[in-house]
Amino acid sequence: MQTIEKIVTGTANALAVAGLSILLILATFTLFDGLLRALANYPLDIVREIGDLVAANCGACCLPIVLLHSNNITLRAFDKILPAKGVRAIDVFAGVVIEIVMIAMAWEFYLHSVKTMRAGDVTWRLNLPTAPFWFVVDAILWAAVAVQAFVLVRDIIGHRPERSSETAL
C-alpha cells in the first residue's frame, strides 16, 4: 500500500505543480498582453486564443491533489452523534458518490474531446486544433478517477490520515 501511495502522491503533486506553473506562465502572458495592448496597441492574440484551453488544463491538474487530501467539502455533523464506524460508513458512501461523479466527468470530457476532434474545431486565428487540449483534460480527469479510487480503498480499509477541520466564521 505504501508504494502505491507514494506513486499516487507523487503523480498528484507533479500534476498540481505542472498545472500551477503553467497557470503562472499564462498569468504572466496575460499581463504582457494587457500592457502591450494598452501601451503599444499590440495585443498578444495567442493569449486570448488559447488562454481558456490552457486554464482548463491547469484547473484539471489540481483536481487529483484535492481528491487525494480530501480537501473537498465535508460535513462533520455526525462526528459527535455516530460511532467511528458510522462516520467511516458515511465517508465511504461519500467517496463512492465522488468516484461516480468523477467517472461521469471523465467520460463526458472524453465524448466532448472526440466530438471536437471529429468536428475539426480549431482556434479562431491560428487554426490550432482544440481537441488535443480537451484530450489532455480528459486524461487528467481519468488520473483523478484513479486517485479517488485509491482514496476510496484507503477509506474502506481504514487507513485515512487525520484531517484537520476548518471552522466557518
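See the structure shown above.
Conventions adopted
- Residues numbered from 1 in each chain as written.
- Predicted model: local features only at pLDDT ≥ 70, side-chain atom pairs only at ≥ 80, totals over all residues.
- Heavy atoms only, no water.
- Axes fitted to C-alpha atoms, helices over the stretch in contact; angles between N-to-C directions.
- Helix = DSSP H or I, 4+ residues; strand = E, 2+ residues; numbered from the N terminus.
- Parallel < 35°, antiparallel > 145°, perpendicular 65-115°, else oblique.
- Left-handed = near helix turned anticlockwise from the far one by under 90°.
- Nonpolar A, V, L, I, M, F, W, Y, C, P; charged D, E, K, R; others polar.
- Contact = heavy atoms within 4.5 Å.

Turning next to the packing of helix H3 (residues 84–119) against helix H4 (residues 131–157). Contact geometry for H3 and H4: axes closest at 8 Å, N-to-C directions at 165°. By the angle between their directions, the pair H3 and H4 is classed as roughly antiparallel. Judged by the twist between their axes, the crossing of H3 over H4 is left-handed. Along the lines of polarity and charge, the residues of the contact of H3 with H4 split into 24 nonpolar, five polar and five charged.

Quick look at the packing of helix H1 (residues 2–40) against H4 now. Running from N to C, H1 and H4 point in directions that differ by 140°, and their axes come no closer than 11 Å. Note that H1 runs across H4; the crossing there is left-handed. Counting all contacts with H1, which are made through Ile4, Glu5, Val8 and Leu15, the residues of H4 involved are Ile140, Ala143, Val147, Phe150 and Arg154. Looking at the contact of H1 with H4 residue by residue, the class counts come to seven nonpolar, no polar and two charged.

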